[in-house]
Amino acid sequence: CGGESEDAGSGKKDDGKITMGFAQVGAESGWRTANTKSIQEAATAAGIDLKFSDAQQKQENQIKAIRSYIAQKVDIIAFSPVVESGWDTVLKEAKDAKIPVILTDRAVDSKDTSLYKTFIGSDFVLEGKKAGEWLVKEYQGKTDTVNIVELQGTTGSAPANDRKSGFADVIKADPKFKVIASQTGDFTRAKGKEVMEAFLKANPKIDVLYAHNDDMGLGAIEAIVAAGKKPGVDIKIITVDAVKDGMTALSEGKINYIVECSPLLGPQLMDLAKKVVAGETIPQRVLTEETTFTPEQAKAALPNRKY
Ligand code: AHR
């Protein structure tokens, strides 16, 4: 049948193609949509057979998907762990089945680093620091208290934990910066709007919003406008990601600063997967290169922005 044969016993196709099982977090944000597209397109370009699942931001769904990839005896598993904790058992199951695992985008807190081959993605602590550094510069020489509200990403996720701590580390040097409210918006626009509405009701004076992603920032902008305030002017806004909608709001002055987090992990992931399957040694950590954007820089970058 067309040159493809079944590998006796395993039930796997022996067409020479690598099969990758990818357990995605969900479709919670513009970033995630771009990330999924990057992975699917890169798999096709690399001739890798991709089995893809969307966990709808639920760890139990991701664990189920990984177990099904193990049962299907894929050549390699890649996934973006929705939260940091609770992966040891399923990772051990993959290891026992001799199926290598690559972490993309988000880290796990497993002590045993032999449970995965590499981790490819951003330095989220650094992203939080960059957000804090912009704020410190923006308010340089001023002495009045700066009331900050924070929209955190998904509770327990690496980007929420790290973006919070990186930011806090930088601003703590100056007591005028006060985080007066900090709550999760689960990385979605709808939750960002809802939580910002509550922040606005409870706090008459908000100077700055720090949102862990563009989507929550964009949702919050709707709440700020509805409250009769001008986003970017009455309330300064810093976000993370730099997806098209975020960059558009930045170019219009509704957001003041965006720290980039690149979702385009697909090509690097496929390269690494091929090397792992070929038995080559790869680095334990592969960092994504990223920048930051001011409104002027967003205007210049937007015409060529792919996502
Ligand atoms: O893990 C990366 C984060 O997940 C992105 O910053 C956010 O938009 C996404 O949902």
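Here the structure is a predicted model, which means the values were calculated and not measured.

Colleague: So what about the sheet that holds strand E12 (residues 257–260)? Which residues, and what values?
Modeller: Read across the open sheet, the 6 strands follow the order E9-E8-E10-E11-E12-E14; overall the sheet is mixed. The sheet is open, and its two edges are formed by strand E9 (177–184) and strand E14 (292–293), each paired on a single side. Both E12 and E14 contribute to a ladder of 2 bridges, which runs antiparallel. The residue bridging Val 259 from the neighbouring strand is Thr 292, located in E14. The sheet strands contacting helix H7 (residues 214–226) are strand E8 (146–152), strand E10 (208–211), strand E11 (236–241) and E12, and the helix crosses E11 at an angle near 155 degrees.

Colleague: Please set out the side chain of His 212 residue by residue, giving values where relevant.
Modeller: Within the element layout of this structure, His 212 appears in the loop between E10 and H7. A polar side-chain atom of His 212 sits 2.8 Å from a polar atom in the side chain of Glu 150. For His 212, the residues in contact, after removing those within four places along its chain, are Glu 150, Leu 151, Gln 152, Gly 153, Pro 159, Ala 160, Arg 163, Lys 164, Phe 187 and Val 240.

Colleague: For the layout of surface pockets, give the residues involved together with the corresponding values.
Modeller: Of the pockets and cavities examined, the largest pocket occupies roughly 230 Å³. Lining the largest pocket are Thr 33, Ala 34, Lys 37, Ser 38, Glu 41, Ala 42, Leu 264, Pro 267, Lys 306 and Tyr 307. Element by element, the count of residues in the lining of the largest pocket is highest for helix H1 (residues 30–46), at 6 residues. Grouping the constituent residues of the lining of the largest pocket by class yields 5 nonpolar, 2 polar and 3 charged.

Colleague: How would you summarise the site of the ligand if you had to cite specific residues and measurements?
Modeller: The ligand sits among Glu 28, Ser 29, Trp 31, Arg 32, Asp 105, Arg 106, Phe 124, Pro 159, Arg 163, Phe 187, Asn 213 and Asp 241. Contact between the ligand and Glu 28: an oxygen atom at 2.5 Å from a side-chain N or O atom of the residue. Contact between the ligand and Asp 241: an oxygen atom at 2.6 Å from a side-chain N or O atom of the residue. More than half of the atoms of the ligand fall within 2 Å of the grid points belonging to the largest cavity. Breaking the shell around the ligand down by element, the ones donating at least two residues are H1 and helix H5 (158–171). Tallied by class, residues from the shell around the ligand come to 4 nonpolar, 2 polar and 6 charged.

Colleague: Tell me about the packing of aromatic side chains, and name the residues and values.
Modeller: A complete count under the given rule lists 5 aromatic pairs for this structure. Note on Phe 22 and Phe 52: the rings are 5.9 Å apart at their centroids and 5 degrees apart in plane angle, and the pair reads as stacked. Of this pair, Phe 22 sits in strand E3 (residues 19–24) while Phe 52 sits in strand E4 (residues 49–54), and the two are 30 residues apart along the sequence. Residue classification places Phe 52 among the partly exposed residues on the basis of a relative accessible area of 29%.

Colleague: A description of the sheet that holds E3 should follow, citing residues and the corresponding values.
Modeller: Judged by pairing direction, the sheet is parallel, and its 6 strands sit side by side in the order E4-E3-E5-E6-E7-E13 without closing on themselves. Where the open sheet ends on each side, the last strands, each with one partner, are E4 and strand E13 (285–287). Each strand axis lies, on average, 20 degrees off the axis of its neighbour in the sheet, ignoring direction. With 6 bridges connecting them, E3 and E4 associate as parallel partners. Following the sheet pairing, Phe 22 is matched in E4 by Phe 52. Packed on one face of the sheet, H1 meets E3 and E4 and runs near 160 degrees to E4. Packed onto the sheet, helix H2 (residues 59–71) meets E3, E4 and strand E5 (76–79) and runs at close to 170 degrees relative to E3.

Cut-offs used in this document
Residues numbered from 1 in each chain as written. Predicted model: local features only at pLDDT ≥ 70, side-chain atom pairs only at ≥ 80, totals over all residues. Heavy atoms only, no water. Pairing = 2+ DSSP bridges. Helix = DSSP H or I, 4+ residues; strand = E, 2+ residues; numbered from the N terminus. Contact = heavy atoms within 4.5 Å. Axes fitted to C-alpha atoms, helices over the stretch in contact; angles between N-to-C directions. Polar contact = N/O pair within 3.5 Å; in protein donor to acceptor, adjacent residues only side chain to side chain. 1 Å grid on protein atoms, 1.4 Å probe; cavity = no way out; pocket = protein on both sides within 12 Å on 5 of 7 lines; lining within 4 Å. Points joined across faces, edges and corners; volume = space filled by probe spheres on them. Nonpolar A, V, L, I, M, F, W, Y, C, P; charged D, E, K, R; others polar. Near = heavy atom within 4 Å. Sits in = over half its atoms within 2 Å of the grid points. Phe/Tyr/Trp six-rings, centres within 6.5 Å; stacked < 30°, edge-to-face > 60°. Buried < 20%, exposed > 50% of the residue type's maximum accessible area, 1.4 Å probe, protein only.

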